[in-house]
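One letter stands for each residue in the lines below.
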Amino acid sequence: SVNGNPTASTSTGSDGIAQVTRTLGLTPGDYTTTAAVDGLSGSPVTFTSTATIGAAAKLAFLVQPGNIVVGQPFSPDIRVEIQDIGGNRVPGATNQVTITSSRSGTLVGTASMNAVAGIATFPGLSINKANSAYTLRAGASGLSSATSGSFDVAKASTTLSITGDTPDPSVVGQ
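Criteria and cut-off values
- Per chain, residues are indexed from 1 in the order of the written sequence.
- Per-residue local features of the predicted model are confined to residues with pLDDT of at least 70, and side-chain atom pairs are confined, for both listing and counting, to 80 or more; whole-chain, interface and lining totals are unaffected and use all residues.
- For the side-chain quantities, the full set of heavy atoms in the structure was used; hydrogens and water were omitted.
- Helical segments are the DSSP runs of H or I of at least four residues, strand segments are the runs of E of at least two, and each set is numbered from the N terminus.
- Should any heavy atoms of two residues lie within 4.5 Å, those residues are counted as being in contact.
- Each reported salt bridge corresponds to a side-chain nitrogen of Lys or Arg within 4 Å of a carboxyl oxygen of Asp or Glu.
- Accessibility here uses a 1.4 Å probe with only protein chains present; expressed as a share of the type maximum, an area under 20% marks a residue as buried, one over 50% as exposed, and anything in between as partly exposed.
- Note on pairing: DSSP must find at least two bridges between two strands before they are called paired.
- Convention adopted: a line fitted to C-alpha atoms gives each axis, helices being fitted over their contacting stretch, and angles between N-to-C directions are expressed from 0 to 180 degrees.
- Within 6.5 Å between ring centres, the rings of Phe, Tyr and Trp (the latter by its six-membered ring) count as paired, and their orientation is classed by plane angle as stacked under 30 degrees, edge-to-face over 60, tilted in between.

Asks: Requested: an account of unusual backbone geometry, with residues and values cited.
Replies: Look at the link from Ser43 to Pro44: it is a cis peptide, with omega at 5°. Ser75 connects to Pro76 through a cis peptide bond whose omega is 5°. Checked against the element boundaries, Pro76 lands in the loop between β4 (68-69) and β5 (78-83). The phi torsion at Ala117 lies on the positive side, around 55°, for a residue other than glycine. The residue Ala117 is located in the loop between β8 (112-114) and β9 (119-122) in this model.

Asks: How would you sum up the side chain of Ser126? Please name residues and give values.
Replies: Mapping Ser126 onto the fold places it in strand β10 (residues 126-127). Excluding residues within four positions of it along the chain, Ser126 makes contact with Ile68, Gly71, Gln72, Pro73, Phe74, Thr106, Leu107 and Val108.

Asks: Lay out the pattern of salt bridges in plain terms, naming residues and giving numbers.
Replies: Applying the stated criterion across every chain, the model contains one salt bridge. A salt bridge links Glu81 to Arg89; its shortest N-O distance comes to 2.5 Å. Under the relative-accessibility criterion, Glu81 is labelled buried at 7%. What makes Arg89 partly exposed here is its relative accessible area of 36%.

Asks: Give a description of the sheet that holds β9 that names residues and reports values.
Replies: Two strands in a sheet stick together by hydrogen bonds in their backbones, pointing the same way (parallel) or opposite ways (antiparallel). Within the open sheet, the three strands sit side by side as β3-β5-β9. Their pairing is antiparallel. The open sheet is flanked by β3 (58-63) and β9, the only strands paired with a single partner. Each strand of the sheet is rotated relative to its neighbour by a mean of 25°, with strand direction disregarded. Here β3 runs beside β5; their pairing, made up of five bridges, is antiparallel. Bridging across to β5, Ala60 finds its partner in Glu81.

Asks: Mind laying out the environment of Asn88, listing which residues take part and the relevant values?
Replies: Within the fold, Asn88 resides in the loop between β5 and β6 (96-101). C-alpha separation for the pair Asn88 and Gly118, spaced 30 residues apart in sequence, amounts to 9.9 Å. If near-sequence neighbours (up to four positions away) are discounted, Asn88 is found in contact with Leu26, Thr27, Pro28, Ile53, Ile82 and Gln83.

Asks: Lay out the packing of aromatic side chains with the relevant residues and their values.
Replies: Scanning the model with the defined rule gives two aromatic pairs in all. Where Phe74 meets Phe151, the ring centres are 5.3 Å apart and the plane angle is 85°; that geometry is what we call edge-to-face. Of the two residues, Phe74 is situated in the loop between β4 and β5 and Phe151 in strand β14 (residues 151-154); the sequence distance between them amounts to 77 residues. Looking at Phe74, the relative accessible area reads 3%, which means it is buried. A relative accessible area of 1% means that Phe151 is categorised as buried. A centroid spacing of 5.6 Å and a plane angle of 15° characterise the contact between Tyr134 and Phe151, whose relative ring orientation is stacked. Remark: Phe151 occurs in strand β14 and Tyr134 occurs in strand β11 (residues 131-134); sequence separation between them is 17 residues.

Don't take any of this as a statement about function, it's just geometry.
See the structure below:
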């Protein structure tokens, strides 16, 4: 197939050469093209082209944040992937990725991490203010940013416990 077409045909020019352009897909790997000419010795001929991962171009959340309680870390840890334009992880990418919040709550923990093998992981990250419909934004210099799905941060519950001795009615002044 050529350019996604199962078959393509072309004619030779005055020099006897036929030309076909092949655009590789966005997925890394080998692509084959077979050229055949009726009655020609050595026909068909198969050509193999290899598509490789491109340069870092954008960010994507691998692990989306879920609902949490104020001060409790996201679990599992937030993970952001550095991808090429085709959405393939760029395993050699070590860019610094920074997470910011869409709401007034402050992110607690390390919000800027260098990617390792194309993935930035943010362990122990939490938010210090209850609110609904938060989103996180991942940004890195020179790359298209990513926005997480929406999540809520609930107020932490508080329990007050008062203990004491029960007074003995036979003792005066307790």
